[in-house]
Structure formats: structure tokens, C-alpha cells
Amino acid sequence: MLDPSADEIRNWGNSVIQFMIDYLGGLRDRPVYRHTSSREIRSGLDSKLPIKGTDFDSLLKVFRETIVPFSRQNAHPRMFGYVQSPGTPIGAFADLLASTLNANLTIWRSAPAPVELERLTIDWVRQILGFPAEAGGLFVSGGSMANLAALAAARQTKEHSLGRLRIYASSATHFSIIKAAVVLGIGRENVQYVALDECFKMRVDDLVAKINADLEAGYVPFCVVGNAGTVDTGAVDPLAEIREIANHFQLWMHVDGSYGAFAILAESAIKLFAGMELADSIALDPHKWLYLPVDVGCVIYRDPEIACAAFAYEAEYTRMFGEEADEAFVCWDYGPELSRRFRALKVWMLLKGVGLDRLSQAIESNLACAHHLESMVRGSDDFEMVAPVELSIFCFRHVPAQLRNQSPKAIDAFNERLLVALQRDGSSYLSNATLDGRFALRGCVLNYRTTLRDMEILLDDLRRVAKSSRIPA
Ligand SMILES: Cc1ncc(COP(=O)(O)O)c(C=O)c1O
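Residues take numbers from 1 onward in each chain, read along the sequence in its written order. Since the coordinates come from a predicted model, pLDDT governs what is reported: local features require at least 70, and pairs of side-chain atoms require 80 or more to be given and counted, while whole-chain, interface and lining totals use all residues. Just so you know, side-chain values use all the structure's heavy atoms and leave hydrogens and water out.

Asker: Can you help me understand the sheet that holds strand β5 (residues 252–257) in this one?
Answerer: To summarise the sheet geometry, strands pair through backbone hydrogen bonds and adopt either a parallel or an antiparallel arrangement. With mixed pairing, seven strands are arranged side by side in an open sheet as β1-β7-β6-β5-β4-β2-β3. Only two strands of the sheet have a single partner each, and these edge strands are β1 (136–140) and β3 (191–194). Here the strands of the sheet are splayed against their neighbours by 20° on average, with no regard to which way each runs. A pair of strands counts as paired when DSSP detects no fewer than two bridges linking them. Numbering of helices and strands runs from the N terminus; a helix is a DSSP stretch of H or I covering at least four residues, while a strand is a stretch of E covering at least two. The pairing of β1 with strand β7 (residues 297–301) spans five bridges and is antiparallel. Its bridge partner being in β7, Phe139 is matched across the sheet by Cys298. Contacts from helix α6 (residues 143–155) reach β1, β2 (165–170), β4 (220–227), β5, β6 (281–284) and β7 within the one sheet, and its direction differs from that of β7 by about 20°. Under this scheme, a helix contributes an axis fitted over its contacting stretch, all axes are lines through C-alpha atoms, and angles between N-to-C directions fall in the 0 to 180 degree range. Note on contacts: a residue pair qualifies if any of its non-hydrogen atoms lie within 4.5 Å across the two residues.

Right under this line is the structure:
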């Protein structure tokens, strides 16, 4: 098992590929989610410490019979919860190859071709975003790590030894920005929430007012975070205006594009992102809207040397001898990690193998699905939208006739119960958001398999579940 023969590897591989074919072929017939319990899952797992090994077929059987059915099927076309990518076979194969080679992307010398491929692919991402040629960055584990790395770089631009630094971000900003502030020692209390307008975008007048008030109180404003797609409604903040304000107050402008930034590939959405290319840093997630399997996030710095000032570290055990500039690239100078898996391979294989035209089409189709749902909801008399659809996130609620005259609290409670019943039903999966203090059903289309018909099925599912589960109104 530790060092299998060629025949064993072939047999394992054949079984795994057969599983993949069956699994992907039968996806639509599976429930997105199966209600279960820790006890039920544990009953399918042998908990004894394994002193002797087990054959591969038995391991695969546990995977097929216990792990797969009791997982949420993230590749299902009606998995609308959170910001969940479906994964893609090319990404799965790339992960297998990356683990086979087991490159460790610490510095160029340790993994020359993998690091070169990462630099090439990062440059493609840079071009997609419209950043200048000198910009650069890294693949990291996800959007949270990308936000952390960017804020660490941002902090270099101000005298920070005395504390009192302030970050500004709309109140719809993802909690990874707050976590980054905590990890960096800036403190969650120093993330100033800027008010939202009626479309859930940052209000720049409030941003200016908050910065001015902080300056008067002796704080050191250093960074403003704009969202290229908020996690709850998908709103894109007014990035060009935020850039102007950042210039005026000499702040670092970071964009959290973890959910939405790759939608710049869709012709119909490009205008929303005007100004994004002027940011000092951006966090992205190829494991969201490039459909790749987790984990791969990405941070791009406009001036990578500033990041270097935050992260570079020299130790005797990592010292390099006699390298030329191109071959002296040190990955850990640009982010928090030392050992790094070969994440670039799946991004490169996807971009090169699928091509931007097809990706752009898939993203357009996701946007169209969300807009289709919005127009069906607006045209119905038993659903209502709670926020406008900007990208592929939709927030709405079910208000059947018998509920129409009830209090907002009763309608919220009904929708909360409906969400749980829908998830247990398994045909479609949504998550939730709280907007203006009210409960909302929330979905995100992030799957190249999702069709307009799936959006219709979602509404039918909600009506059916609301009736059949006899949720008390
Ligand atoms: C807007 C936004 N930022 C950051 C993150 C965090 O990304 P990750 O889960 O890859 O760490 C998310 C996750 O959904 C997100 O939607």
C-alpha cells in the first residue's frame, strides 16, 4: 500500500475514474443534501486505530457508501448555498497530478517549473483584472488568506508601531477582513463599518465622514476595503469613487473580489468593476467563480515590493547562493506560507484547457440564471425580492397568500422554517442572509451546470415544501 506496484496503481486509478464517471453522471438524481447525524456517519466508519492496513477497494467502498452520500453535493446544479464552487474534472485531475509530483513551492530553486507556471498564471490573472505589468502575487489557500496577506502589506504603508490604525469597509464586508484585522493585531474594533445605500453598496459620503472623524480623534486611517461582490447580496461597491477617496486621504485600497471579481470575464458585468484595476491589492478566489475545487485563492499586489517588506524573512537554513534575479524568486516573501502545494497547476490547466471564451459564457449564464429568478419572483404574487440582483446572488422571501397580512416577524420565522425544510427535502439548497434586520432566503449561482429551468424548479420546490411540510404560517 505504501509503495504500490504499477498494476495496483492502474487498478486503483481505474476504480477511482469509474467512480468519478458514475458520480458526475448521476449528479442530478442525487439529493443536494441528506439530513443525517454524527452518530449515523460514525456507524459507517471503523473507529479502531488501524494497526494493520486495509486494501484499496475497502477504502473506496467507505468513500462511496459513507462519505459521498453524507456529504453536501456541491457539484449539484441546484446547490445555491453560500459561495460554493462545483469543482471541475480538469481541476480534480490537476490536483491528482500536483500531489503526484508533490512540488513544494517555497522558492524557485525548490520547484523551478511549478514556480514558473505559478508566475505565468498569476500574470494571466493580472491581465484578466487589468492590473499593470509590474503587479504580482501568489496563490494562497482561499479568499481569507488573500485578504490577510493584502492587509499585512497595506499596514506597511503607515507608521504602525503606535497602534490606532483604522480600516474602513462596508457593513456587508465578509468576516475574513475582520479576522485579518484581529490576526494582524489591528483589532476588530479598528474596522470601521461604513453604511450601505439602498442597493447594499458602500456609501462614500459615510466613508469620508468616518475617515474625517477618525483623523480628528487622532486615529491613523490606512486602508479602505471595497467589495467586488458582497457575500450576502453580491453588491459591487463604487470602486472608482473609493479609489478617489483613498487617493485623497492617502489610504491603501484593497478590493475583496473573492466572490465576484472573476465576473469581469462576463461582457455584461464589466462596467460594474470600473476602478477595480486601480486597487493596491485584490483578493480573489479561483475556487469560487473559476469553478475550481478548493483550495485556491489568490492575492495580487499592485506593488509586490510592499508585500515583500511585510513578509520577507531571511534565515540561515533558507539562504540562497549565486542565483540570477529570475531564478531567485522567493515565494514566502509575498505571503504568510512557507510550504505551499502546487495550486497553480489547476488554475493553469483550467485557463489553458477551457479558455476565457468558455469561462465567460459560463459566468454569463450564471448571471442570467440569477436574473431569471429575479424576474420570476417579481412577476409572482407569492415571492418577493429583498435585494436587487447585481451578479449571481439572489435574496428573496416566500410570502404565500395566508401570510400576507402577518407581521414581518411572522414572515421571517416562516421563511426560516422553510429554509430548513428545503435543505432537508434535498431537491434544492439555499442559505440565508439578514438584510435590514429581516431574514432572507439567499442563493448564489456558481455552477456551469445550472440552467434557467433549475431556477424554476427552485421556486416550485419552495412552494411544494411550504405546502407539504405544513409549515405553520
Ligand atoms: C466576499 C468574500 N470574501 C472572502 C471570503 C472568504 O473566502 P474563503 O472561504 O476562500 O477563505 C468569501 C467566502 O465566501 C467571500 O464571499
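Here the narrative resumes.
Asker: Would you mind going over the side chain of Asn190 with me for this structure?
Answerer: Relative to the helices and strands, Asn190 is located in the loop between α7 (175–183) and β3. Distance and chemistry together define a polar contact, namely a pair of N or O atoms within 3.5 Å, with one atom able to donate a hydrogen and the other to accept it when in protein, and with adjacent residues in sequence counting only for side-chain atoms on both sides. In terms of polar contacts, Asn190 uses its side chain to reach the side chain of Arg166, at 3.2 Å. Within the structure, Asn190 has its side chain in polar contact with the backbone oxygen of Ile186 (distance 2.8 Å). Residue contacts for Asn190: discarding those within four places in its chain leaves Leu165, Arg166, Ile167 and Tyr219.

Asker: Where do I start with unusual backbone geometry in this structure?
Answerer: Here Val294 and Asp295 are connected by a cis peptide whose omega angle stands at 0°. Residue Asp436 is not a glycine yet carries a positive backbone phi of 50°. With respect to the secondary-structure elements, Asp436 resides in the loop between β10 (431–435) and β11 (438–444).

Asker: For this particular structure, what's the right way to read the packing of helix α5 (residues 112–129) against helix α12 (residues 344–354)?
Answerer: How two helices sit against one another is set out by the angle between their axes and by the gap between those axes. Packing of α5 against α12 leaves a shortest axis separation of 9 Å and a crossing angle of 55°. Taken together, the axis directions place α5 and α12 in an arrangement best described as oblique. The hand of the α5/α12 crossing is left-handed. Residues Leu117, Glu118, Leu120, Thr121, Trp124 and Ile128 of α5 pack against Ala344, Leu345, Val347, Trp348, Leu351 and Lys352 of α12. Three residue categories are used. Nonpolar comprises Ala, Val, Leu, Ile, Met, Phe, Trp, Tyr, Cys and Pro, charged comprises Asp, Glu, Lys and Arg, and polar comprises the others, including Gly. Its residues assigned to classes, the contact of α5 with α12 comprises nine nonpolar, one polar and two charged. Should an angle fall under 35 degrees it is called roughly parallel, over 145 degrees roughly antiparallel, and 65 to 115 degrees roughly perpendicular, with every other angle called oblique. Note: crossing handedness is left-handed where the near helix turns anticlockwise from the far helix by less than a right angle, and right-handed where it turns clockwise.

Asker: Would you explain the packing of α12 against helix α13 (residues 356–378) in this entry?
Answerer: Running from N to C, α12 and α13 cross one another at 95°; their axes reach a closest spacing of 6 Å. Considering their axes alone, α12 and α13 lie roughly perpendicular with respect to each other. Contacts between α12 and α13 pair Leu350, Leu351 and Val354 from the former with Leu356, Arg358 and Leu359 from the latter. Residues belonging to the contact of α12 with α13 are distributed by class as follows: five nonpolar, no polar and one charged.

Asker: I keep staring at the nonpolar core and nothing clicks. Help me out?
Answerer: Soluble globular proteins: nonpolar side chains tend toward being buried together. Residue types Ala, Val, Leu, Ile, Met, Phe, Trp, Tyr and Cys, when buried and joined through side-chain atoms within 4.5 Å, form a set referred to as a nonpolar core. Between buried and exposed lies partly exposed: a residue is buried under 20% and exposed over 50% of the maximum accessible area for its type, with that area taken using a 1.4 Å probe on protein chains only. One finds Met276, Trp289 and Ile300 to be the most contacted residues of the largest nonpolar core, which totals 109 residues. Looking at which element gives the most residues to this core, the answer is α6, with eight residues. Apart from residues no more than four positions distant in its own chain, Ile300 is found in contact with Ile122, Val125, Leu129, Phe131, Ala135, Gly136, Gly137, Asp280, Ser281, Ile282 and Leu284.

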